Amino acid sequence: MVYDRMSDQPAFTSGGETYLRVPRIESVDQLRAERPDVVIVGAPVDWATTHRPGARFGPRAIRAASNLRRGAYHLGLEVYPLKTLRVFDYGDAEMAPGDIERSHAGVKRKVREVVDAGAIPVVLGGDHSITYPSASAVAEARGPGSVGVIHFDAHADTADEAWGVALSHGTPMRRLITSGAVPGPNFVQIGLRGYWPPDDVWRWMREQGMRWHLMEEVEREGIDRVLDLALEELREHARFVYLSVDVDVLDPGFAPGTGTPEPGGFAPRELLRAVRRIALETELVAMDVVEVAPPYDGPAGVTAEVAHRVVLEVLSALAHRRAGRTPGPVTG
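So, here is what we can say about the structure in this document. Predicted, not measured: the structure shown is a model, and the values here were computed from it. (Residues numbered from 1 in each chain as written. Predicted model: local features only at pLDDT ≥ 70, side-chain atom pairs only at ≥ 80, totals over all residues. Heavy atoms only, no water.)

1. Things to note about the overall build of the protein chain
- A tally of regular secondary structure across the protein chain gives 11 helices and eight strands.
- Across its three principal axes, the protein chain shows a C-alpha extent of roughly 60 × 50 × 45 Å.
- Split into buried and exposed, the 332 residues of the protein chain put 59% on the buried side.
- A separation of at least 24 residues holds for 77% of the contacts in the protein chain among residues at least 6 apart in sequence.
- As displayed, the protein chain has an accessible area near 13600 Å², and 49% of this comes from carbon and sulfur atoms. (Helix = DSSP H or I, 4+ residues; strand = E, 2+ residues; numbered from the N terminus. Buried < 20%, exposed > 50% of the residue type's maximum accessible area, 1.4 Å probe, protein only. Contact = heavy atoms within 4.5 Å. Areas by Shrake-Rupley, 256 points an atom, 1.4 Å probe, with all protein chains shown as cover.)

Encoded structure:
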């Protein structure tokens, strides 16, 4: 028997388990035939991390945490997301453990297939390096300069390199800018705090026209006021929105299962409120949730649980819009 190692997925991928037990798509032809609204894609990469590894197990953990029934009803939005939207799971992108470039190519290819099928890709990371290939695929499909990124994170991820590695999880936003995929003014970052980046990186960010809202501004002004500003800033430059959520934007008391925890962050209630409003009020064309590292999450799996709810909150908001309801004040 000949064993084809190159076509065999690594053991840490999700196998046949799907997000919220939605149907699984096995091929590009099936993807096109099903005409989905939203497609889940796993990106189990963590060989671009600079501190604690483990995010390769993130997609599997998020899928496992999504244990609600298909009839789940959103109390605030009064909608059944999975009855309103056609949601499928396309499995994990093809991985080459230890090879960042080949793994990124697998992510980009998978996301582009979803976008070309007319669906919204929801990418489960994996470390934050996967935003570079994922958002690049979306930007290429939507047109130059048309996509903006709303980025929730404790860290700006705008380094030029990390120990000589240009595709680190600390560099994806710079790679998107320097590659031309997403211009600097099309970025708005929310929740930054702590002791990174250094001043030279801040200067580079200013030179690119990036905008950001530090965690202390969220504390002072409140999340709704910050979102008012962020959405106004983004609308000046971008038609479409790519939402990227690093779970370390949350305080590690709520999300310990991540590679680079940073005290002083969001509570889950604030984050869920924020992503719900973004999905209600913008032309959201893709999203990712990254840096869930189950080895540090403890037996309760609280980080994977909140990551799953971030995705479900967005799906519910998209379903609310699909049902033809006018977005009103966000409550709860």
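Read on for the rest.
2. Side note on the sheet that holds strand β3 (residues 120-125)
- Reading across the sheet, the eight strands line up as β2-β1-β3-β8-β7-β4-β5-β6 and stay open at both edges, with parallel pairing between neighbours. This sheet does not close on itself; its edge strands, each paired only once, are β2 (87-92) and β6 (211-214). Recorded for the sheet is a direction-independent mean angle of 15 degrees between the axes of neighbouring strands.
- The pairing of strand β7 (residues 240-246) with strand β8 (residues 284-290) spans six bridges and is classified as parallel. Looking across to β8, one finds that V245 is bridged to V289.
- Against the sheet, helix α2 (residues 58-65) engages β1 (38-43), β2 and β3, with an angle of about 110 degrees to β3. (Pairing = 2+ DSSP bridges. Axes fitted to C-alpha atoms, helices over the stretch in contact; angles between N-to-C directions.)

3. Considering a nonpolar patch on the surface
- Taken together, the side chains of Y73, L75 and Y80 present a nonpolar region at the surface, about 340 Å² in accessible area.
- Within the element layout of this structure, Y80 appears in the loop between α2 and α3 (81-84).
- Residue classification places Y80 among the partly exposed residues on the basis of a relative accessible area of 34%. (Patch = residues over 30% accessible without salt bridge, like charges linked within 9 Å, V, L, I, M, F, W, Y side chains within 5 Å. Salt bridge = Lys/Arg side-chain N within 4 Å of Asp/Glu carboxyl O.)

4. Focus: the nonpolar core
- Grouped together as the largest cluster of nonpolar side chains are 59 residues, with contacts concentrated most on I150, F152, I190, L243 and F266.
- Tallying contributions element by element places helix α11 (residues 302-322) first for this core, with 11 residues.
- Apart from the residues within four sequence positions on either side, I190 is in contact with I150, H151, F152, D153, H213, V218, V226, L227, A230, V249 and F266.
- Judged by nonpolar contacts, the second largest core, of 39 residues, contains V123, V147, M205 and V290. (Core = buried A, V, L, I, M, F, W, Y, C linked by side-chain atoms within 4.5 Å.)

5. Side note on the pattern of salt bridges
- For the structure on display, the rule yields 22 salt bridges.
- D160 is the salt-bridge partner of R174, the closest N and O atoms lying 3.9 Å from each other. Taken together, the residues span a long stretch of sequence, with R174 in helix α6 (residues 172-178) and D160 in the loop between β4 (147-152) and α6 at a distance of 14 residues.
- Classification of R174 by relative accessible area gives buried; the value is 10%.
- Given the relative accessible area of 42%, D160 is considered partly exposed.

6. A look at the pairing of strand β5 (residues 187-192)
- When you tally the buried positions in β5, you get six out of six residues, the bulk of the element.
- One ladder, built from four bridges, connects β4 with β5; its direction is parallel. Bridge assignment links H151 to a residue of β5, and that residue is Q189.
- Regarding topology, α6 serves as the crossover connection from β4 to the parallel β5, and that connection is right-handed.
- For β5 and β6, the ladder comprises four bridges, and the chain directions are parallel. Pairing of L192 across the sheet is with L214, part of β6.
- Handedness of the β-α-β unit built from β5, helix α7 (residues 199-208) and β6 comes out right-handed. (Right-handed = clockwise from strand over helix to strand, strands pointing away.)

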